[in-house]
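Structural overview for review
What follows is each chain in one-letter form.
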2 protein chains.
Amino acid sequence: MLDRLREILGAANVLTGKDMDPFACDWSGAPQGTPLAVLRPGSTADVAAILKLANESRTPVVPMSGNTCLSGATAAEGAWVVSMARMNKIREIRPTGRIAIVEAGAILANIHDAVAEHDLIFPLFFGARGSAMIGGALSTNAGGSNVLRYGNTRDLCLGIEAVLPDGEVIDLMRQLHKDNSGYDLRHLLIGAEGTLGIITAAVIKLFPAPLANATAMVAVPRVGDALELLNRLQQETGGAVQAFEYMPRAYIETHLLQTKDARPPFDERHDVNIMVEVGATAPRDAVPDANGQIPIAAHLESVLADLFEEGAILDAVVAQNETQRREMWERREAAAQVMTYQTPHVDRDIAVPVDRMQEFLDQVAQIIADLDPGAQDVSVAHLGDGNLHLGVFPTRDDEDLCQRIGDLAEDAAVALGGSFSAEHGIGWRKRPAMARHKNPGAMAAMRTIKTALDPNGILNPGKVLPDI
Amino acid sequence: MLDRLREILGAANVLTGKDMDPFACDWSGAPQGTPLAVLRPGSTADVAAILKLANESRTPVVPMSGNTCLSGATAAEGAWVVSMARMNKIREIRPTGRIAIVEAGAILANIHDAVAEHDLIFPLFFGARGSAMIGGALSTNAGGSNVLRYGNTRDLCLGIEAVLPDGEVIDLMRQLHKDNSGYDLRHLLIGAEGTLGIITAAVIKLFPAPLANATAMVAVPRVGDALELLNRLQQETGGAVQAFEYMPRAYIETHLLQTKDARPPFDERHDVNIMVEVGATAPRDAVPDANGQIPIAAHLESVLADLFEEGAILDAVVAQNETQRREMWERREAAAQVMTYQTPHVDRDIAVPVDRMQEFLDQVAQIIADLDPGAQDVSVAHLGDGNLHLGVFPTRDDEDLCQRIGDLAEDAAVALGGSFSAEHGIGWRKRPAMARHKNPGAMAAMRTIKTALDPNGILNPGKVLPDI
């Protein structure tokens, strides 16, 4: 079989033995099973040939892009890893049409750089953008810090090309904003974590780059008050809020402990700290006035001053220059380090309706008070999306306690109409939560679809669905 | 069987004979087959009971909402029509969370009115909004005149509840902006035209109502120039363009012929007439200045003045009051009448990439020049979406000629990366186009999904898929 693959792909693109090491662990370096081989297709036809062979021989296949997944979707024990890294071309940028056509292995940061030359952005930004690839971002419907303004990855994609488990290529590379021609297979494959097909290329949407940003740290009495702040800012700026991030007191303190030279956001400590950023795409909001003031920043300051007058906010600091803005973002982007500062810890990716976040946090506080009153809540949230990365440091070294706090918090989120998986996906790690919480009718339909499209179960087996 | 249905639904909700007449024709009154019965469920449980019975007895079922479909998706010869009209409640409006929870039979205009009380909009606007229901809008992924700013129906929906062909209810009524928990069944059911399940309820997104609108008619040399105008306006207003509609010279002239008291948009006639509207959601753009000028309107005027100076536009008229704005919208919304002014005529719902519209129109002009040089092009387009409703009046009474012009235009659109069905869906009328143009791999996958979820083929048979 490997000989056949070498014929198809070239010997250099069929890795075995030690060469597979980088593909046998997750992004953190933790081992996650030994593949049978690592295959490096150079074209869609290569991917189709691999899947035909796999399907005939019933060989499991695990697609892999940048391998920055947080839920184990790329674990590949006994499977062929299909690495998309060679299919990394940005085939076309059409500035006037506001689209780019990219291959699945194109790295996000490379896409960002390429479109920046046209004063455009592809607004999918998250910490791993230097290695994450668009194919993986699509397969997991990645989120990040700009979802509030631009949507999730699925909202940024007009078309895809993908190979189904039988090797059939589906070409849905439409560059269209409207295309009602049958079932939306694009949306079915996006977020399916490589269990229904391998995405090989995509048409993505581009947007004008903001001409100026205004960033601030704001303290409010309670998280529930923050929604009013968000709605007010959206209203006053005409929907220009592009980040709205929550950090509690313990997060701020852990960050200070951990980070040399870090400064607190305010002179006083506050329980509820919000980082807000508005972006100006219109020149009149971005061009400095006679006093050198940038209108969008002046506008943000005046809204915050009004809210302070009204007693709706406790404190606010607007970044006066790019250095101060960077400092705010670095504090937020340190989340991966802050939330793993202590081990063991709770780490869950939760969503609740935006207007129920306070209720959810009250319930989490109660869960902590019941199980481990001294535990610290270091959660961080894309608050504008209702997406909380629940982080808790217990007072004792107790994995079971962490598990229990996390499970009860998930239960509470689901009971409020929320989700146990907001943006990180299911992989294999969250299959128990999937089994516990997902609507049974929906689970049955997913199973039916998986079995119909992949009757031999070759594509990323053991992922997403708890029992297939 | 009907007795069993009367037991479940109550006798008054099982219509037969003459009572079925309103359900046996399309919106225009044209007959489209005689149903076996018309069933009027009052709850999701009713819908589930109906589908269980239908599945056991292999009875075809056609879901029907407002019945304003343009492609025959509700034709119900020999089937049970399931009318969603009784399930018309707006269950909840949550202004702070910017969502509403509605039943499938809620009429769009009623939703509009209900949310307007909270200064919010549900931005799905099209001509039939007074009778179209949200369930049908979701099932067809309806478009309309505000897609440019707010997206298609699928983009306006956070969650759905639906009943599958076997009577299983899937509850995906999430009020979430992020929920990566398995395959996106919501997007699969949206746009499936009732062939995979019956949508019974939905969570929909709401937006702040614009505080002021500025509307203008603009003439540009060629359609290709209009994209530059659009991008420039988006840039200058920070993405506030909410309608960008194209009408050619023959459309304007037909409208004048047809409509008593109608006035031309400009003193001179132009080939390319664009109606543009920008909406201000921020108070600073909407509150009149000392001279009584509304900033968003002043801003639109100044952008247009600059473009006129540059020679990028030929003429422009900004509406000075609501009456003038109404006049502009009425001209555009008369499309259904204008485009059927003459019979026979070509009428196709086409999409092309926005930056290829000029190329497409050049090809259409060539097709007309080849086949019927005197024919008039009365097309109208949601130009910002790349969505053209192709309308052509031939010089002679010749159905075959119309068919041929339409087919060649569809071929041209598809060859440019476009679609033969932008927003009207497939129903039964466009199944030949589906067979001719849709990617074979995608067709095969759709067939597999349909057969897996609806093995007895009871749900809206003969629609969407050409051969099932």
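Remember, it's a predicted structure, so these values are computed and weren't measured experimentally. Going along each chain's sequence as written, the residues are numbered from 1 onward. The naming scheme follows written order: chains are lettered A onward, ligands numbered 1 onward. Two thresholds apply to this predicted model, a pLDDT of at least 70 for residue-level local features and 80 or more for giving and counting side-chain atom pairs, whereas whole-chain, interface and lining totals are computed over all residues. Computation of side-chain values covers all heavy atoms of the structure but excludes hydrogens and water.

What to know about the UniProt feature "domain: FAD-binding PCMH-type" (unreviewed entry) in chain A
Convention followed: UniProt positions are given in the numbering used here, feature names are shortened, and annotations may be inferred rather than shown by experiment. Secondary structure follows DSSP: runs of H or I at least 4 residues long count as helices, runs of E at least 2 residues long count as strands, and numbering of each begins at the N terminus.
Mapped onto the present numbering, the UniProt feature "domain: FAD-binding PCMH-type" (unreviewed entry) falls at residues 31-209 of chain A. Along residues 31-209 of chain A the backbone is 21% helical and 25% strand, and the end-to-end C-alpha distance reaches 39 Å.

Brief notes about the domain arrangement of chain A
Residue and element names in this part refer to chain A. The condition that has to hold: Bear in mind that the domain bounds are from an automatic or database domain assignment. Salt bridges are counted wherever a side-chain nitrogen of Lys or Arg sits within 4 Å of a carboxyl oxygen of Asp or Glu. Counted as a polar contact is a pair of N or O atoms within 3.5 Å, where, for protein atoms, one must be capable of donating a hydrogen and the other of accepting one, and residues adjacent in sequence contribute only when both atoms are in side chains.
Domain annotation for chain A reports domain 1 (2-83), domain 2 (90-208), domain 3 (212-322) and domain 4 (339-415). The C-alpha centroid of domain 2 is placed 22 Å from the C-alpha centroid of domain 1. Connecting domain 1 to domain 2 are zero salt bridges. One can count two residue pairs in polar contact (both at pLDDT 80 or more) joining domain 1 with domain 2.

Focus: the packing of helix α7 (residues 223-237) of chain A against helix α10 (residues 295-309) of chain A
All names here are of chain A. To be explicit about the condition: To define axes, lines are fitted to C-alpha atoms, for helices over the stretch in contact only, and angles between the resulting N-to-C directions are given on a 0 to 180 degree scale. Any angle from 65 to 115 degrees is called roughly perpendicular, while one under 35 is roughly parallel, one over 145 is roughly antiparallel, and all others are oblique. For any pair of crossing helices, the crossing counts as left-handed if the nearer helix is rotated counterclockwise from the farther one by less than a right angle, and right-handed if it is rotated clockwise. Whether two residues touch is decided by their heavy atoms; if any such pair falls within 4.5 Å, the residues are in contact.
Viewed as axis vectors pointing N to C, α7 and α10 meet at an angle of 140°, and their least axial separation amounts to 11 Å. Here α7 is positioned oblique relative to α10, judged by the angle of their axes. Here α7 runs over α10; the crossing is right-handed. Seen from α7, the contacting residues are L229, R232, L233, E236 and T237; seen from α10, they are H299, L300, V303, L304, D306 and L307.

Examining the sheet that holds strand β6 (residues 99-103) of chain A
All names here are of chain A. Stated precisely, the cut-off is as follows: We call two strands paired when DSSP finds no fewer than two bridges between them.
An order of β5-β6-β10-β8-β9 is seen for the five strands of this open sheet, with the pairing classed as antiparallel. At either end of the open sheet lies a strand with only one pairing partner, and these are β5 (90-94) and β9 (169-172). Strand-to-strand twist in this sheet, taken as the mean axis angle between neighbours without regard to direction, amounts to 10°.

A closer look at the relation of the copies chain B and chain A
Heads up, the condition is: Superposition of the copies used a least-squares fit over C-alpha atoms from residues whose pLDDT is at least 70 in both.
Here chain B sits on chain A after a turn of 180° about the axis and a move of 0.0 Å along it, with an RMSD of 0.0 Å. What the rotation and shift describe, once combined, is the action of a two-fold rotation axis.

So, the sheet that holds strand β2 (residues 37-39) of chain A
Residue and element names in this part refer to chain A. Strand order in this open sheet of four strands is β1-β2-β4-β3, and the pairing throughout is mixed. If you trace the sheet from one side to the other, it starts and ends with β1 (14-15) and β3 (61-64), each paired once. Strand direction decides the pairing type here: β2 and strand β4 (residues 80-83), joined by three bridges, are parallel. Paired with L39 across the strands is V82, a residue of β4.

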